[in-house]
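Structural description and commentary
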Amino acid sequence: MPKAKNILFIMFDQLRWDYLSCYGHPHLHTPHIDRLASMGVRFTRAYIQSPICGSSRMCYYTGRYAHSHGATWNNVPLKVGEMTLGDHLRKAGMGCWLVGKTHMSPDIEGMERLGLSRDTVIGARVAECGFDIFERDDGMRPEGPKGFYDPGGALKYNAYLKGAGYDGENPWHDHANSGIDADGNVLSGWFLKNASEAANIAEDDSETPYLTRRGMEFMQQAQDPWCCHLSYIKPHWPYIVPAPYNDMYGPEHILPAVRSEAERDNAHPVLDAFTQSRVSQAFSRDEVRETVIPAYMGLIKQVDDQMGVLFNWLEETGRMKDTMIVLTSDHGDFLGDHWLGEKSFFYETSIRVPLIIYDPSSEADATRGTTCDALVESIDLAPTFLEVAGGEPMDHILEGESLLPILHGQAADTARDAVFCEVDYTTNNEAALLGASADQAVAFMVATKRWKLVHFESGHRPMLFDLENDPDELNDLGASAEHETIIREMYDRLGAWARRLSQRTTVSKAALEERRKKHGGTGVLIGVWDENELPPELTAKYVGQKAKDMREDT
């Protein structure tokens, strides 16, 4: 088989790693994603670098930690000057296109300062996280008393729905993300009690099939080598799905929540603040879990069926032979685990994600259908893609490492012994409950295969989990005197990570090392007593020279 010419970078939003049958879910069968795993490598310890949509995605797209690129929360702009996948891949001769979601906010002030207009090619790319846009759809068009959450959200999708006969100003909400009762009343998907309703839309018109078609339309017309980021909106909330997926699963298919009363009664102060949020309080109730999780599972089942449509099309058109396929998620969803909803904390159900990579090249034949338990980070995809495109390594900018050696059977592990994740919850109510300033409402995680430590800038004690003996993370050892040595060792790892030279991105490490060989040839002579200490060629401009005496008589 030929080498990969193209890259199909598939990302789902809020897809838990353990809600796929190839990752062990006993009731939710995902044969099409499982099939992709049988054709490639399934990574079992893949971690994101920030447990929130926008920040996590900026790590994927820049190949850099949130601590480096600075976009630490949703709607925190990615600063002008950060290089992205598009910058790296275009330099290597591969286009970089978006179909779907990025949740990226542009640095408008920075663009204005540099005179970058969004009407130019460069300005448009800077404003769109480095992508050329086939269709951007962040999939969010909620509306409240202050207006739309995202005025640009779902505009093309809404236009498509209106053209298909769906009524109203916002069919994204009224049809794609809501049900309907016998009297024609809209049953909003924002209300969790309506999660079991069938969305008031034909299944083929719902968001996931729509984006699948748009992805195929892009690939159909693409000519030169491309990376297509096909970025799905689901299974992210609102938790509502069209028939027949709305009633495929019931309470009998719901896995027990990973939590304990002791965990809640003795909660760390920061964790306790997170459990006080409305969404966490909701998912602490059995009726909410029993209503919502079947809908969440239905959304994933629809996703898998669409992967079947997509993969069959790739085979029929011959693109499976020269296209690398990468399938992952931006983060997970607690769904009531640890008394939490949403995703913005450091438990495995949030920060661990599915990652499956299919490489069509013959070099990958030896690893097809295998699993890999190496510690992998989301920032590893950018250098992987760059190597596939034939570009030069950019290890002074990209902070991850290429996974091609693992895919090609040349390595069984990555070079790292720990993974890192961080969250900035400054704008959240949790920060207000803790009385934490913007400098204090930050937390960092470092984890090895055995241990996980969470550090809080708010001054609270750390949390520590033994992932080997307590894989459900129910026993916080952060206050244990018996584990002081482990805590100190984990802090050493975190400290070394924090001291890395992440901001020196304008010159490569190799170029800096090469400069050592060039000292001494430009006339700068420091600490030299006389000319005889150096080779004559280095002092030739300073020895044996004649000059007119221009000193004044004294």
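As the structure is a prediction and not an experimental result, all values here were calculated from the model.

Next up on the list: the pairing of strand β16 (residues 451-456). With six of six residues buried, β16 is to be regarded as a mostly interior element. Residues Trp451, Leu453 and His455 of β16 are buried on one face, and the alternating residues Lys452, Val454 and Phe456, pointing to the opposite face, are buried as well. Here five bridges tie strand β15 (residues 442-447) to β16, and the two strands are oriented antiparallel to one another. If you follow Phe444 over to β16, its bridge partner there is His455. Once β15 ends, the chain turns through three residues before running back antiparallel as β16.

The next thing to look at is the pattern of salt bridges. Overall, the coordinates contain 35 salt bridges when judged by the stated rule. Where Lys3 meets Glu363, a salt bridge forms, and the shortest distance between an N and an O atom there is 2.3 Å. Remark: Glu363 occurs in the loop between β11 (352-358) and β12 (370-372) and Lys3 occurs in the segment before β1 (6-12); sequence separation between them is 360 residues. A salt bridge links Arg264 to Glu261, with the shortest nitrogen-to-oxygen separation between them at 3.3 Å. Residue Arg264 and its partner Glu261 are both found in helix α10 (residues 261-265); the two are separated by three residues, about one turn of the helix. Residue class for Arg264 comes out partly exposed when judged on its relative accessible area of 38%.

Looking now at the packing of helix α7 (residues 155-163) against helix α9 (residues 207-221). Orientation of α7 relative to α9, taken along the N-to-C sense of each, is 105 degrees, at an axis distance of 12 Å. The orientation of α7 with respect to α9, classified from their angle, is roughly perpendicular. Seen from α7, the contacting residues are Lys156, Tyr157 and Tyr160; seen from α9, they are Glu207, Tyr210 and Arg213. Partitioned by chemical class, the residues of the contact of α7 with α9 number three nonpolar, no polar and three charged.

Each value, and the rule that gives it
Residues numbered from 1 in each chain as written. Predicted model: local features only at pLDDT ≥ 70, side-chain atom pairs only at ≥ 80, totals over all residues. Heavy atoms only, no water. Buried < 20%, exposed > 50% of the residue type's maximum accessible area, 1.4 Å probe, protein only. Helix = DSSP H or I, 4+ residues; strand = E, 2+ residues; numbered from the N terminus. Pairing = 2+ DSSP bridges. Salt bridge = Lys/Arg side-chain N within 4 Å of Asp/Glu carboxyl O. Axes fitted to C-alpha atoms, helices over the stretch in contact; angles between N-to-C directions. Parallel < 35°, antiparallel > 145°, perpendicular 65-115°, else oblique. Contact = heavy atoms within 4.5 Å. Nonpolar A, V, L, I, M, F, W, Y, C, P; charged D, E, K, R; others polar.

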